[in-house]
Each structure stands twice: as structure tokens, then as C-alpha cells.
Amino acid sequence: MAFYESRDDVAAQIKERADIVQIIGECVELKRSGVRFLGRCPFHGEKTPSFSVHSGQQFYHCFGCGESGDVFSFMMKYHNFDFPTALKELAKRYQIELPERRRSKEDEQRIQRSEQLFTVNEKCATIFSRYLQDAPGAGIARAYLIKRGVSPELLARFRIGYAPAVEEAGWNFLGGQLGKEEMKAAVEAGLLVEKEQSGSYDRFRDRILFPISDISGRICGFGGRIVGEGQPKYLNSPESLVFNKGKLLLGLFQQKEYIRRQNHAVLVEGNFDLISLVAHGCNNVVAPLGTALTREQLRLLKRFAEKVTLLFDGDDAGRKAAVRAVPLFLAEQIPGRVAFLPTGHDPDTFIREKGLAEVDTLLEQAVALPEFALDQMTERHGLTLDGKSKILGELKPLIAAAASPLQRALFVSHFAEKLGLTVDQLDANFERASELPTEPQSRPVKKVKTEQVGPLAMAQRQLVEFMILQPRYFFKLAEAGLRNCLAGGIGEMLFLELECLLTANPQAEPEELLTVLAEGAERSLVAELLLRTPVHSSKEDENSSDNEIADLLEYLQKFQLKKQSDELMQRIELAEKTGDHYILQELMAEQVKITRKLHGQIL
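Reading the values: the criteria
Residues numbered from 1 in each chain as written. Predicted model: local features only at pLDDT ≥ 70, side-chain atom pairs only at ≥ 80, totals over all residues. Heavy atoms only, no water. Axes fitted to C-alpha atoms, helices over the stretch in contact; angles between N-to-C directions. Helix = DSSP H or I, 4+ residues; strand = E, 2+ residues; numbered from the N terminus. Parallel < 35°, antiparallel > 145°, perpendicular 65-115°, else oblique. Contact = heavy atoms within 4.5 Å. Nonpolar A, V, L, I, M, F, W, Y, C, P; charged D, E, K, R; others polar. Buried < 20%, exposed > 50% of the residue type's maximum accessible area, 1.4 Å probe, protein only. Pairing = 2+ DSSP bridges. Right-handed = clockwise from strand over helix to strand, strands pointing away. Core = buried A, V, L, I, M, F, W, Y, C linked by side-chain atoms within 4.5 Å. pLDDT = per-residue confidence, 0-100. Salt bridge = Lys/Arg side-chain N within 4 Å of Asp/Glu carboxyl O. Left-handed = near helix turned anticlockwise from the far one by under 90°.

Thoughts on the packing of helix α5 (residues 105–134) against helix α9 (residues 180–189)
So, point 1. It is at 9 Å that the axes of α5 and α9 come closest, and there the two elements cross at 95°. Considered as vectors, α5 and α9 are oriented roughly perpendicular to each other. Between α5 and α9, the residues in contact are Arg113, Gln116, Leu117, Val120, Asn121 and Lys123 and Glu182, Ala185, Ala186, Glu188 and Ala189, respectively.
So, point 2. Of the residues in the contact of α5 with α9, the class split is five nonpolar, two polar and four charged.

Focus: the pairing of strand β12 (residues 264–267)
So, point 1. By the alternation rule, side chains of β12 split into His264 and Val266 and Ala265 and Leu267, which are all buried.
So, point 2. Across four bridges, the pairing between β12 and strand β14 (residues 307–312) is parallel. The residue bridging leucine 267 from the neighbouring strand is leucine 310, located in β14.
So, point 3. Running through helix α11 (residues 271–279), the crossover from β12 to the neighbouring parallel element strand β13 (residues 285–286) is right-handed.

Details of the nonpolar core
So, point 1. Counting residues in each nonpolar core, the largest one holds 63 residues, and the members touching the most others are Ile160, Leu191, Ile208 and Leu311.
So, point 2. With residues near it in sequence (within four places) discarded, leucine 191 still touches Val120, Asn121, Cys124, Phe128, Leu174, Ala186, Tyr201, Asp202, Arg203, Phe204 and Phe222.
So, point 3. Residues Phe43, Ala91, Leu469 and Leu494 belong to the second largest nonpolar core, which totals 61 residues.

Structural notes on the sheet that holds strand β10 (residues 219–226)
So, point 1. Spatial ordering of the open sheet is given by β6-β9-β10-β11, a layout of four strands whose pairing is antiparallel. Whereas interior strands pair on both sides, the edge strands pair on one side only; in this sheet they are β6 (161–163) and β11 (234–236). Direction aside, neighbouring strands of the sheet carry axes that sit 30° apart on average.
So, point 2. Direction of pairing for β10 relative to β11: antiparallel, over a ladder of three bridges. Bridge pairing in β11 links arginine 225 to tyrosine 234.
So, point 3. Running at roughly 80° to strand β9 (residues 207–213), α11 makes contact with β9, β10 and β11 of the sheet.

Focus: unusual backbone geometry
So, point 1. At the junction of glutamine 231 and proline 232, the peptide bond is cis and its omega measures out at -5° in the coordinates.
So, point 2. Examined against the element boundaries, proline 232 turns out to sit in the loop between β10 and β11.
So, point 3. A positive phi angle, near 55°, is found at arginine 159, a position not held by glycine.
So, point 4. Non-glycine residue asparagine 263 carries a positive phi angle of around 55°.

Quick look at the confidence of the model for the protein chain
So, point 1. Taken as a whole, the protein chain shows an average pLDDT of 82; of its residues, 87% reach a score of 70 or greater.
So, point 2. A low-confidence stretch, residues 1–5 (pLDDT under 50), is modelled with 13 contacts involving residues beyond four sequence positions or located in other chains.
So, point 3. Counting interchain partners and residues more than four positions distant, the pLDDT-below-50 stretch residues 432–454 has 59 contacts.

Examining helix α10 (residues 252–262)
So, point 1. Within the span of α10, buried status applies to Leu252, Gln254, Gln255, Lys256, Ile259 and Arg260.
So, point 2. Structurally, α10 contributes buried residues whose contacts are with α3 (71–79), α7 (152–158), β12, α11, β13 and α12 (295–302).
So, point 3. Taken from the residues just after α10, asparagine 263 is the one with a positive phi, measuring 55°.

Quick word on the pattern of salt bridges
So, point 1. Evaluated as defined, the whole model comprises 21 salt bridges.
So, point 2. Residue glutamate 497 pairs with arginine 299 through a salt bridge whose shortest N-O separation is 3.4 Å. Note that glutamate 497 is positioned in helix α23 (residues 490–504) and arginine 299 in helix α12, a separation of 198 residues in sequence.
So, point 3. With a relative accessible area of 13%, arginine 299 lands in the buried category.
So, point 4. Taken together, the shared-partner salt bridges in this structure form one network comprising Arg295, Arg299, Lys302, Glu332 and Glu497.

Looking at the sheet that holds strand β16 (residues 367–368)
So, point 1. Pairing within the open sheet is mixed, and its five strands lie in the order β13-β12-β14-β15-β16. Looking at which strands have only one partner, the edges of the open sheet turn out to be β13 and β16.
So, point 2. Against the sheet, helix α15 (residues 356–364) contacts β12, β14 and β15 (337–340), and its axis sits at roughly 115° relative to β14.

Some thoughts on the packing of helix α20 (residues 458–469) against α23
So, point 1. Across the interface, α20 lies against α23 with an axial gap of 10 Å and an inter-helix angle of 15°. Here α20 is positioned roughly parallel relative to α23, judged by the angle of their axes. Read as a crossing pair, α20 and α23 show a hand that is left-handed. Between α20 and α23, the contacting residues are Val464, Met467 and Ile468 on the first element and Gly491, Leu494, Phe495 and Leu498 on the second.
So, point 2. Residue composition of the contact of α20 with α23, by class: six nonpolar, one polar and no charged.

Section: the pairing of β9
So, point 1. Burial within β9 is extensive, with seven of its seven residues counted as buried.
So, point 2. Alternating positions in β9 separate into two faces, Arg207, Leu209, Pro211 and Ser213 on one and Ile208, Phe210 and Ile212 on the other, with burial throughout.
So, point 3. Of the strand pairs in this sheet, β6 and β9 are connected by three bridges, and their pairing is antiparallel. Within the sheet, the bridge partner assigned to tyrosine 162 lies in β9 and is isoleucine 208.
So, point 4. Strand direction decides the pairing type here: β9 and β10, joined by seven bridges, are antiparallel. Within the sheet, the bridge partner assigned to leucine 209 lies in β10 and is glycine 224.

Remarks on the side chain of asparagine 121
So, point 1. With respect to the helices and strands, the residue asparagine 121 is situated in helix α5.
So, point 2. The contact partners of asparagine 121, leaving out residues within four places of it in the chain, are Ala189, Leu191, Ile219, Cys220, Gly221, Phe222 and Val242.

So this is what it looks like as C-alpha cells:
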């Protein structure tokens, strides 16, 4: 297939050749009803079929939950694919060749390194698992797991392993089973630690190991729980090219289908909490990797469930963790709830002592996170004048986290009633609290006034499309003031997401932007753009891009100058009103300079 063939052409070929009834029929039992097919919707629980598939129009629609789309939408929603993956899967199935985006040498090296890390992680997971099952030196670990009620089925399902103690296997148990290149990859993956002079030693020793997978099942890293004496009690792989603990959830790969079917995810704090719940039949459960919850983790869960419940210890630490999570849930528009365990219990001890039915009861009685946060503030500060003042201060980041003006209005109205204030009084207090929250994560998060987000003007759309399709020019555009030009609109939101993506991975391709965007206008715009835009690869295309970037940089310079000119005019008007002639002369001189620059640019 030629490089210049557009994604529109490829997608059209796939839709023309694909049989949507056959594709959906592999996942949903369909029965003909006139010109259409009916079945039970796979995206929400129902007893009466309301899921309609039209073979002629290559379209599906659920009259119960409103889900609808084409064959690509179904593949993405049902199998949790992003668009590029859905495109590749369907193209492979119908033997349609995809255009290839030409990769740079740096891209190829990054991909090769990633594959090496995934490969060595996979090999080491097998080594650890076999040692746990067969080695005499793993007897203490096997006894511990039996005591915790971990069955052989769960060991296999989660691929749990054991890294032996130094007394049993020395300091180089793992390194002694790897080749030279594998050892280099193992060092980069954090499985081995390089010595100061030469050689290496095992990072994980005397630890039960949980492989941590992405949603496709590739092992990104490991979490280890010590068996004997020693600190830390839990140890994760260090950050690497493939392991970012803020973007992964333990158990999501194994439990995602249960979560999707129940449309509900339960979040617990510990590895063994997760394993114990699954062992006793609570299957829609995942766990973060020993750190505070992040928005990226919630975005992952949004792909599988609309509801998320935190199941935390009832101590002070658990309650504080729940309060910290509230802004993240609000920003991602997830109706989060929280359930607390009785004093002295964690999920593992509670379900083993009380059983699944009691856990289900606890989850059913979970309270909404914003409500819980307000109750905690009221309990801590009281409803005196001083107490209400402190509560208002703590409520500000929650109101700021509201993802839409409507959500914000609902919260203001609700909290005003609870605090015995009028909506206007509370709203006035929060008038500056309309910015997105700063979240506990490593990537930089900028603040945007969500009430101002609107459609793109023609020039803005051209800038947005170019920055997405040509990410190698992004930082040059950013330096030229691109964000200012896009401020207050959907373009600014895309700018911030792309900036975060490229900061973490400068070689990121346009398709990768789809994987970090939640459902909504931003994601729709990017998906539409990638579908209809030809792949840039030829020398002619590169020359065209170079010419286009020059034009866009000129436009941004002009935009900045006009903005400066407008601001100066406001200051000039103020100086005229106040009669400050000295300042007025300085401002007029500055305005002349800017006007000359603008005219020079235009001419």
C-alpha cells in the first residue's frame, strides 16, 4: 500500500468488507428481527434485548443505555482497544494492508528497547514462578501463601512467583540465568542492580513477587512482598521505559472482564487484599501499586466501568486517602464512592472472617465521596462561624475539580444547603475556584478555566491539527506562544495533554494521544482528524510541513504582537484618564514599536 493512501481510504475499505453482524455476533447472541438483529447489550446488564445491529447500515444502537456506533466503535468499547489497535485488528482480519508511518532512528531504538524490557520481564516472571512451585528454597514462601489462602489457581492466574533469599540462592540468582544482553535489559528494567565497580546483584530477594501487567498482558514490572525480616515490606520495580506505577493497576489485566460486566470496580490498597477478595469471589477488584491514586489510573478504569468504589481501612490514614481522591474522581467525572472496614480489619482479614456477603453489604452501603469529604470536614471543624470558614477553604479544591459548569453548580447548591448558606454566598466564595486540580503525579499539570472551553476558530483549528499531526514541531510552537493563542478552548486542553505526553515521551506518535484522552469532544476531534488525514512520509510532505511551520510561527508572532498592542491600548486609556503624562509617553512609544513590527510582518 502506498504511503500517501489516507486513513479514510483504509477505514472505508475495512467498513465495506467487515460484517458488523458477524463481528458483534462473536460477542453477543443475536437474533434476526426483520431487517435488523437484536440481542442483550454487552455494555449494560439487561434481561430484555434492546441492542440492535443493522447489517445494511453497518451500525449498532442500544435503546437501553444509548451506546451506538460502527464496527470500530464496537471493537474499541467491547475489547477496550484504542482506535489504532481496532484498526490494526480489523485490517488483519480482512487482510487489508495498513499504511506504515515512517519511524525515526530514535523511535526504532525506543521500540526495540521496550520490547527487550518486556521480554526480560516475561522470562524473569517464569523463573520466579517456577522457583516458587518447585524449589526446596521456596518452602517458606509456599507455606506463607497457603496460610493466606492463595490457591494454585490464583498462583497461576496472577503468575505469582518468589525471589529466593540470599542464604538460599546467593546474590546473583537471577543474573546467573540470563545472557549478556538479557542482563543489560534486566538492569534497565530494575530486576538487577549494577555494582559500583563491576557486576550486578538481584534487586528482589526473599520476596513473593506479583508481576504487574498492562491491559494487554505485557509484564511491565514487579511488586514484591518480603517474607522474612527486612525493609521495605513492599518493593516495586523502579520506573523504566515500560513501568510507570502511576499508570498501572495490579489485577486490571486479570479482572477487567469481571469489572466490565459488572460496570463497577472496587479499589483496595494492598496486593494480598486484592488476591484474598478474588479468592473469595469478589472479582471486580484492582489495586494501585502502593502509592496515592492518580487520574491516569482512574482513566484506565473508566474504559471498563462507570462506577468505582474505594474499599479502605477505617483508620485515619484510610480516611485521609479517600479525601485526597475526591478531586481526581470529580475531574474524571466518575461517581466515586467509599466504604470503610471496621476497626482492626483490612479487606483480607474481613472477607476471610465475615465472607463475601458481608463485603457486598459493605459495598452497597458505600457513601458518595464528595458527601464523605464534607462530613469529614464538618466533624473536624464543626459548624461554628470559624468552622464554616475552614470548611469553605477545604471545599475550594473540590469545587475547582468540577469537570463542567453543571457539575460545579450542582455541588455549590448541595454544599450550600448542607452548610446553611445561600447559593450566591457560596458561589461568591468559590468564584476563583474554577480551575482544574493539581493531582499527585509526576507529569506537569497546568490549570485551565473549564467554563471557558469552547469551539475552535479556523486559525486555531489549523494550529491544533498541525501540532497533533506533526508533534516534532510541538515545542517550537509552544515556545512561540501556541497556548496563549488556544487559551479558553478545546485546543488548550489538547495542548496540555500533548505537552504532558511529549514531555514523558518525546517520540510519541499522534495516535498515542488517543490513549490518554477521555471520551468527549477532545477525543472525538483527534479521532476524526487521524481518520481523515493522509500519513505524512514523503520528502515532499516533509518540505510542505517545513513551509507550514514557518507560516504558523509567523502567525503566532503576529498574534502575540496584536495581543500586546491590545493590552497597551488599555493601559494607554487608563493613563489618559488618570492624567499620568510620563507613563503615557512611555506607553505610546512602546505602541509605536509594536505597530512597526506588525506592519513589517504584514508587508
